[in-house]
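Results of the structural survey
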Amino acid sequence: MSRAPLLIKDLVQGNQVWKMLIRVIDVWVVKEKTGSQHLEFIIQDGKGDRIHAISRSRDFQDWIEQVKEHETYSLYNGEPVINDGPFKVCSNPLKLLFNGGTTMTNLEIPEIPRHRYNFHPIADFLKGSYKPDMLYDVIGVFQDVLKTQMGGGGRKSCVNITLRDIEGNVIEVALWDDYCKQFMNYNTPGKMVGPTIIVLTHAWCMINTVSGARSLSNAWSGSRLLINVEHPQIDEFKVSYGGTENSNAPSLSLTCESSFQSANKSWTNLNEVKSIRAIKEGKKDCFATTIGTTKHFKASRFGRFFESCPGCRSSNKSQGETFECACGITNVEPVTKFKVEVELEYDNYKGTFVFWDKDVIPYTKLSAKELRAVMKEAGEENPTIWPIHLDVLLNKQMVFRVKYQSSFEQFSIVAILNDDNLFNTFDNHLCPNELTSNAAVVGNESNTPTDHPIQPIVTHSDDLELTAQPALDANCSGSPTASSSSTPAKRVAASTYVNEPILAAELTPKQSATKAKAGKKIKHIKKE
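A quick note: this is a predicted structure, and the numbers were derived from the prediction, not measured.

Digging into the overall build of the protein
Summing up its helical and strand segments, the protein has nine helices and 22 strands in all. Looking at the protein as a whole, 48% of its 528 residues qualify as buried. Counted over contacts in the protein with a minimum sequence separation of 6, partners at least 24 positions apart contribute 69%. Split by element, the accessible area of the protein, about 26000 Å² in all, is 50% carbon and sulfur.

Topic: the nonpolar core
Grouped together as the largest cluster of nonpolar side chains are 34 residues, with contacts concentrated most on V340, F353, F355 and F400. Not counting residues up to four positions away in its chain, the partners in contact with F400 are A288, T289, T290, L344, F353, F355, I413, A415, I416 and L417. Of all hydrophobic cores here, the second largest spans 26 residues; its members include I122, V159, C180 and L225.

Section: the sheet that holds strand β4 (residues 72-76)
Sheet architecture is open: seven strands sit in the order β5-β6-β3-β2-β1-β4-β7, paired in mixed fashion. Looking at which strands have only one partner, the edges of the open sheet turn out to be β5 (79-82) and β7 (103-106). Each strand of the sheet is rotated relative to its neighbour by a mean of 40°, with strand direction disregarded.

Description of unusual backbone geometry
Phi is positive for H202, close to 50°, though the residue is something other than glycine. Structurally, H202 is set in strand β11 (residues 197-207). Its relative accessible area of 3% is what places H202 among the buried residues. Within the chain, N228 stands out as a residue other than glycine whose phi angle is a positive 55°. On the basis of relative accessible area, N228 is assigned to the buried category, the value being 3%.

Considering the pairing of strand β22 (residues 410-416)
Two faces, one strand: in a regular strand the side chains alternate between the faces of the sheet. For β22, a buried count of seven out of seven residues is recorded, marking the element as mostly surrounded by other parts of the structure. Two elements, strand β20 (residues 349-356) and β22, share three bridges in a ladder whose sense is parallel. Looking at β22, one finds that T352 is bridged to Q410. Linking strand β21 (residues 397-405) to β22, which pair antiparallel, is a turn of four residues; within it E409 sits at a positive phi near 55°.

Observations regarding the environment of R304
Relative to the helices and strands, R304 is located in the loop between β14 (286-297) and β15 (305-308). Overall, R304 belongs to the buried group, its relative accessible area being 2%. Measuring from C-alpha to C-alpha, the distance between R304 and K339 comes to 5.4 Å, with 35 residues separating the pair along the chain. Engagement of the side chain of R304 in a polar contact is seen with the backbone oxygen of I385, the distance being 2.5 Å.

Observations concerning the environment of A299
Its place among the elements puts A299 in the loop between β14 and β15. Residues A299 and W386 lie 87 residues apart in sequence; the distance between their C-alpha atoms is 8.4 Å.

Quick word on the pattern of salt bridges
Side chains that carry opposite charge are capable of pairing whenever their charged atoms lie near each other. In total, this model carries 15 salt bridges according to the counting rule given. One salt bridge in this structure joins R224 and D26, with 3.5 Å as the shortest N-O distance. Separated by 198 residues along the polypeptide, R224 in strand β13 (residues 224-227) and D26 in strand β1 (residues 19-31) bring together distant segments of the chain. Residue class for D26 comes out buried when judged on its relative accessible area of 8%.

The rules behind these values
- Residues numbered from 1 in each chain as written.
- Predicted model: local features only at pLDDT ≥ 70, side-chain atom pairs only at ≥ 80, totals over all residues.
- Heavy atoms only, no water.
- Helix = DSSP H or I, 4+ residues; strand = E, 2+ residues; numbered from the N terminus.
- Buried < 20%, exposed > 50% of the residue type's maximum accessible area, 1.4 Å probe, protein only.
- Contact = heavy atoms within 4.5 Å.
- Areas by Shrake-Rupley, 256 points an atom, 1.4 Å probe, with all protein chains shown as cover.
- Core = buried A, V, L, I, M, F, W, Y, C linked by side-chain atoms within 4.5 Å.
- Pairing = 2+ DSSP bridges.
- Axes fitted to C-alpha atoms, helices over the stretch in contact; angles between N-to-C directions.
- Polar contact = N/O pair within 3.5 Å; in protein donor to acceptor, adjacent residues only side chain to side chain.
- Salt bridge = Lys/Arg side-chain N within 4 Å of Asp/Glu carboxyl O.

The values are spatial; any link to function lies outside them.
The following block contains the structure:
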């Protein structure tokens, strides 16, 4: 006679023989230090209760071929033990270890509810309402790219972004390694309608020991990054935020363009808005929001475009049809990218702004490669010759999110902000010509400010400056605790959406994310 099925809440520590009807709602691969791999699951019963299940590495191949996410099974035997791990993905006090007698039979069990995310509100993270040893699912609208860090030289790839919820709460999220590459692959120019909804599962919340600010990061394993995917809860969130339920935005597309927070003026604090003069006089690298009018191009020996290796994205200064890169790639066609230097002016003060592919293509409607071909047909292949197609960038009032590089005295554009009223709002905030305007009114009452047309455009950070910045050796913001310097490992489950890497150069120095070598000593130099 068949054993009567029990529920997850009825599992008892030490009882290894039982039967349960369950649905697998999440599954991922964990790489062990020895190089072995094993599968971990979250399973759910008919009452909606969940438990974390862990298989044995020796049975890895059998389980990865047998278990499918969102399928229902009859599960037999296993060992319920105390859930004493440093981080927990379920609130259940027990976890389930598979043993040699554990068996799963695929069955149709429609009464077991389908998967639903348990999203933790961003507001609760910000006010400290969470458990430090618990991993949470979080949802939000992509708002801004704060920093990027290239991999290599002992460092892992990382991108720091901000997510915003329906109430306007904003939190920083660090995406490491493959999660960084996945996001950068998605965040490339293309066609997209509506806000970009991002879901990060199994995220941990950290506290910056210096500022006290809370931020999120993907976990070592088990986290999943979902961008504009179809799911009833994600659709509900999008509608509540003001998007459309039937958005044309493809999920996780290499050619899809992310929305950069277009209509909400509260995306930034006015304290972050600085004039070109104030940023340059600060004489230090920083992120800022600024405004200005594009005046003319800055002609230099580097020209209007550069070529890079299609593999490692390093710059190729030879401007040849094929080249040999230090990474080992030879005799391949280099990738042609825009790098247009434009002089902007505000309050009679000028600055050099670097426009990349993401900033130029929406105006020219031509890629750097296509424009190069047009100029070649006209017999003007030299990159220092400026085609008339680029003149569409001039004489426009623009609002920028920029990274200022003090060593080069240049502004690298992170984004051109899309809001018709932002220029006037920020212009009134900076009030550079207030005295001049008042004097003009006294002298001639007919003088009135002139309204200038604004040319808004949404752009995103994918092609950033080529010069790498040094990493700072300090506490890593990507670690679960202030004392830890480790970075999360990549998710390696087959269900992970990770495309070929499109690496972006650094925006700013990033704290070191790698572990110090064991036993490494620091040499102290005696001062004479």
